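Notes for the structure review
Listed below are the residues making up each chain.
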Amino acid sequence: PVRCLDCFNPVPLYKFPTMPSEEYNELISWQSDYQACDGLQMNCSTLEKVATRQISDVQSSLSKSGREHCQTLEKLVGRPFFYYLYRAQARNLLAEKKHLCPSCKNPWYLETALHSLVHFKCDHCHLVANLAWDIHK
């Protein structure tokens, strides 16, 4: 569930100090929930809207839990951890570029995407997101 923003490669959990449970159970459970929601939204049938909301809305229970895990890891490691919000739909590219951080409402569009995927980044809220897939080229 953790990727390096410098190289975008996955980072194994054993590289980090253990979570409050003295293991990584809470992070692994969160990852399982995230993957389940991602699978439901990709299948485009059962619970698609609910699942998409969970992975794309900063106020969803899944996002809140994920952001808490990021804050915990940040405290343990002493480096910023960013939470990824999925973006599926937008009206058009111009509107998408004007999209504001959903948490602090500040501009967060990156003129140059990180690793061809991360088009939005808020250093204040520690959020990242993709350009909406329906207009992504």
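Below is a summary of the structure that appears in this document. Just so it is clear, the model here is predicted, and its values are computed rather than measured.

Once that is clear, we can look at the sheet that holds strand β1 (residues 83–85). Strand order in the open sheet formed by 4 strands is β1-β4-β3-β2, with mixed pairing between adjacent strands. For this open sheet the edge positions go to β1 and β2 (109–114), each flanked by a neighbour on one side alone. Taking each pair of neighbouring strands and ignoring which way they run, the sheet shows an average axis angle of 35°. Across 3 bridges, the pairing between strand β3 (residues 118–122) and strand β4 (residues 127–129) is antiparallel. Within β4, the position partnered with Lys121 by the bridge is Val128.

Of the pockets and cavities examined, the largest pocket occupies roughly 1,100 Å³. The wall of the largest pocket is formed by 33 residues, among which Pro1, Val2, Arg3, Phe82 and Tyr84 lie closest to the centre. At the level of elements, α1 (25–43), α3 (61–77), β1 and β3 are the ones that each hand at least two residues to the lining of the largest pocket. The leading source of residues in the lining of the largest pocket is α1, at 6 residues. Of the residues contributing to the lining of the largest pocket, the split by class is 24 nonpolar, 4 polar and 5 charged. Roughly 150 Å³ of internal volume is contained in the second largest pocket. Forming the walls of the second largest pocket are Gln41, Glu48, Lys49, Thr52, Tyr86, Ala88 and Gln89. For the lining of the second largest pocket, the residue count by class is 2 nonpolar, 3 polar and 2 charged.

The full count for this structure, using the stated rule, is 5 aromatic pairs. On the numbers, 5.3 Å between centres and 40° between planes, the contact of Trp30 with Tyr34 is tilted. Here Trp30 pairs with Tyr34, and both are found in helix α1, just 4 residues apart, close to one helical turn. Assessed through its relative accessible area of 15%, Tyr34 is described here as buried. Where Tyr109 meets Phe120, the ring centres are 5.6 Å apart and the plane angle is 65°; that geometry is what we call edge-to-face. Placement of Tyr109 in strand β2 and of Phe120 in strand β3 is noted, with a sequence separation of 11 residues between them. A network of ring pairs unites the aromatic residues Trp30, Tyr34 and Tyr83 as a single cluster. Sitting above the plane of the Phe8 ring, Arg3 keeps its charged end 5.1 Å from the centroid. Over the aromatic face of Phe120 sits the side chain of Arg87, whose NZ or CZ is 5.7 Å from the ring centroid.

In most cases, non-glycine residues show a negative phi, while peptide bonds are predominantly trans. Residues other than glycine seldom take positive phi values, yet Lys105 does so here, at roughly 65°. Although it is not a glycine, His126 adopts a positive phi angle of roughly 60°. Summarising the element assignment, His126 is placed in the loop between β3 and β4.

Turning our attention to the pattern of salt bridges. Applying the stated rule across the entire model yields 4 salt bridges. Across the pair Asp123 and Lys121 runs a salt bridge whose closest N-O atoms are separated by 3.0 Å. In this structure Lys121 comes out as partly exposed when scored by relative accessible area, which is 23%.

What counts and what doesn't
- Residues numbered from 1 in each chain as written.
- Predicted model: local features only at pLDDT ≥ 70, side-chain atom pairs only at ≥ 80, totals over all residues.
- Heavy atoms only, no water.
- Pairing = 2+ DSSP bridges.
- Helix = DSSP H or I, 4+ residues; strand = E, 2+ residues; numbered from the N terminus.
- Axes fitted to C-alpha atoms, helices over the stretch in contact; angles between N-to-C directions.
- 1 Å grid on protein atoms, 1.4 Å probe; cavity = no way out; pocket = protein on both sides within 12 Å on 5 of 7 lines; lining within 4 Å.
- Points joined across faces, edges and corners; volume = space filled by probe spheres on them.
- Nonpolar A, V, L, I, M, F, W, Y, C, P; charged D, E, K, R; others polar.
- Phe/Tyr/Trp six-rings, centres within 6.5 Å; stacked < 30°, edge-to-face > 60°.
- Buried < 20%, exposed > 50% of the residue type's maximum accessible area, 1.4 Å probe, protein only.
- Lys NZ or Arg CZ within 6 Å of the ring centre and 35° of its normal.
- Salt bridge = Lys/Arg side-chain N within 4 Å of Asp/Glu carboxyl O.

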